[in-house]
Amino acid sequence: MTSANPALPPVTDLETWRRELDSLRVREKAATRELDAIAAQRRRLPMVELPDYTLEGPDGPVRLVDVFDGASQLVTYHHMWSPGSEWQCGGCTSYTAQFTRTDFLRKYDARFVVVTQGPIDEALAYREKVGNQMEWYSTAGSEFGADVGAPPGGGFALNVFLRDGETVYRTWHTDGRGTEQLSHTFAFVDVLPYGRQEDWQDSPAGWPQSSTYDRWLSSEEIAALYGAGATA
């Protein structure tokens, strides 16, 4: 049978498919064990004590230690912010939209929030416009964002903190593709036959590929998906 799509995996019999899958599973299991070892090393990292930063929340100024809301662990996603833009970073908007329920973290004595360089009123308005479910804070009037790898005009980042009483420590940081381990989007796309369809990806000849940024939501796509404030 002739296919109109030239980018197709080879077709084989069930026995061959299972043999190839078993071979791949050996590598997948090895990768899982390596990720476990990396996590174990991460738990043994030293940490650095932070100053008493003050951010802006929905109800006004709030100390970083109070952003924990009583938990001992805090994860902050630093959302990119372009002053004056109607629609903010498509990657950040998509990334944070996937977290519609984070209350399960309470059982782990942890909290996950969004921090942005945008003024709090603008940040909260954008959160409302795209129907984002996470709690947002602004670091526009604080050095906090810049000190943890997310300065004004900078990219996105993710940080992890530990609270001991009134003292906050920074325990881990990542940005770029390092944020993927704290999302399901990319891992989900990676198991598709065509993967991410990005030009850096190792794919067979003829597989659909384009720039990474071409795969991010455009302003028009953000407006279509989130403009009505729908929860995603």
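I will try to describe carefully the structure that is included in this document. (Residues numbered from 1 in each chain as written. Predicted model: local features only at pLDDT ≥ 70, side-chain atom pairs only at ≥ 80, totals over all residues. Heavy atoms only, no water.)

A short note on the packing of aromatic side chains
Phase 1 of the analysis: A full pass over the atoms with the stated rule returns 10 aromatic pairs.
Phase 2 of the analysis: Geometrically, the ring pair formed by Tyr95 and Phe99 is edge-to-face, given 5.4 Å between the ring centres and 65° between the ring planes. With respect to burial, Tyr95 and Phe99 carry one shared label: buried.
Phase 3 of the analysis: Centre to centre, the rings of Phe144 and Phe161 are 5.7 Å apart; their planes meet at 40°, and the pair counts as tilted. Residue Phe144 is found in helix 5 (residues 144–147), and its partner Phe161 is found in strand 7 (residues 157–164); the two are separated by 17 residues along the sequence.
Phase 4 of the analysis: Taking the relative accessible area as the measure of exposure, Phe144 reaches 0% and is therefore buried.
Phase 5 of the analysis: Among the aromatic residues, those joined into a cluster by ring pairs are Tyr77, Tyr95, Phe99, Phe112 and Phe156. (Phe/Tyr/Trp six-rings, centres within 6.5 Å; stacked < 30°, edge-to-face > 60°. Buried < 20%, exposed > 50% of the residue type's maximum accessible area, 1.4 Å probe, protein only. Helix = DSSP H or I, 4+ residues; strand = E, 2+ residues; numbered from the N terminus.)

Some details on helix 1 (residues 14–42)
Phase 1 of the analysis: Counted at 1.5 Å a residue, the expected span for helix 1 with its 29 residues is 42 Å, and the 41 Å between its end C-alpha atoms agrees.
Phase 2 of the analysis: Of all the residues in helix 1, the buried ones are Thr16, Ala39 and Ala40.
Phase 3 of the analysis: Between the side-chain oxygen at the start of helix 1 and the backbone nitrogen of Glu15 there is a gap of 3.2 Å, and the oxygen is on Asp13. (Expected span 1.5 Å × (residues − 1). Polar contact = N/O pair within 3.5 Å; in protein donor to acceptor, adjacent residues only side chain to side chain.)

A closer look at the pairing of strand 4 (residues 73–79)
Phase 1 of the analysis: The buried fraction of strand 4 is high, at 6 of 7 residues.
Phase 2 of the analysis: Here strand 4 pairs with strand 5 (residues 110–116) via 7 bridges, running parallel. Residue pairing in the sheet places His78 in a bridge with Val115 of strand 5.
Phase 3 of the analysis: Taking the sense of rotation as the criterion, the β-α-β connection linking strand 4, helix 3 (residues 90–97) and strand 5 turns out right-handed.
Phase 4 of the analysis: In terms of strand pairing, strand 4 meets strand 7 through 6 bridges, oriented antiparallel. Following the sheet pairing, Gln73 is matched in strand 7 by Leu162. (Pairing = 2+ DSSP bridges. Right-handed = clockwise from strand over helix to strand, strands pointing away.)

Describing the pattern of salt bridges
Phase 1 of the analysis: In this structure the tally under the stated criterion is 8 salt bridges.
Phase 2 of the analysis: Residue Glu180 pairs with Arg177 through a salt bridge whose shortest N-O separation is 2.9 Å.
Phase 3 of the analysis: For Arg196, the salt bridge identified is with Glu180, shortest N-O distance 2.7 Å. Residue Arg196 is located in the loop between helix 6 (185–190) and helix 7 (219–226), and its partner Glu180 is located in the loop between strand 8 (167–175) and helix 6; the two are separated by 16 residues in the primary sequence. No difference in accessibility class separates Arg196 from Glu180, as the two residues are buried.
Phase 4 of the analysis: One salt-bridge network, in which partners are shared between bridges, spans Arg177, Glu180, Asp190 and Arg196. (Salt bridge = Lys/Arg side-chain N within 4 Å of Asp/Glu carboxyl O.)

Quick word on the layout of surface pockets
Phase 1 of the analysis: Reported here for the largest pocket is a volume of approximately 890 Å³.
Phase 2 of the analysis: Elements that contribute at least two residues to the lining of the largest pocket include exactly helix 1, strand 4, strand 5, strand 7 and strand 8.
Phase 3 of the analysis: Looking at the lining of the largest pocket, its residues break down into 16 nonpolar, 6 polar and 3 charged. (1 Å grid on protein atoms, 1.4 Å probe; cavity = no way out; pocket = protein on both sides within 12 Å on 5 of 7 lines; lining within 4 Å. Points joined across faces, edges and corners; volume = space filled by probe spheres on them. Nonpolar A, V, L, I, M, F, W, Y, C, P; charged D, E, K, R; others polar.)

Observations concerning empty space enclosed by the protein
Phase 1 of the analysis: For the structure on display, the rule yields 1 cavity of 30 Å³ or more.
Phase 2 of the analysis: The computed volume of the largest cavity comes to approximately 60 Å³.
Phase 3 of the analysis: Where the lining of the largest cavity is concerned, the elements lending two or more residues are strand 4 and strand 5.
Phase 4 of the analysis: Along the lines of polarity and charge, the residues of the lining of the largest cavity split into 6 nonpolar, 8 polar and no charged.

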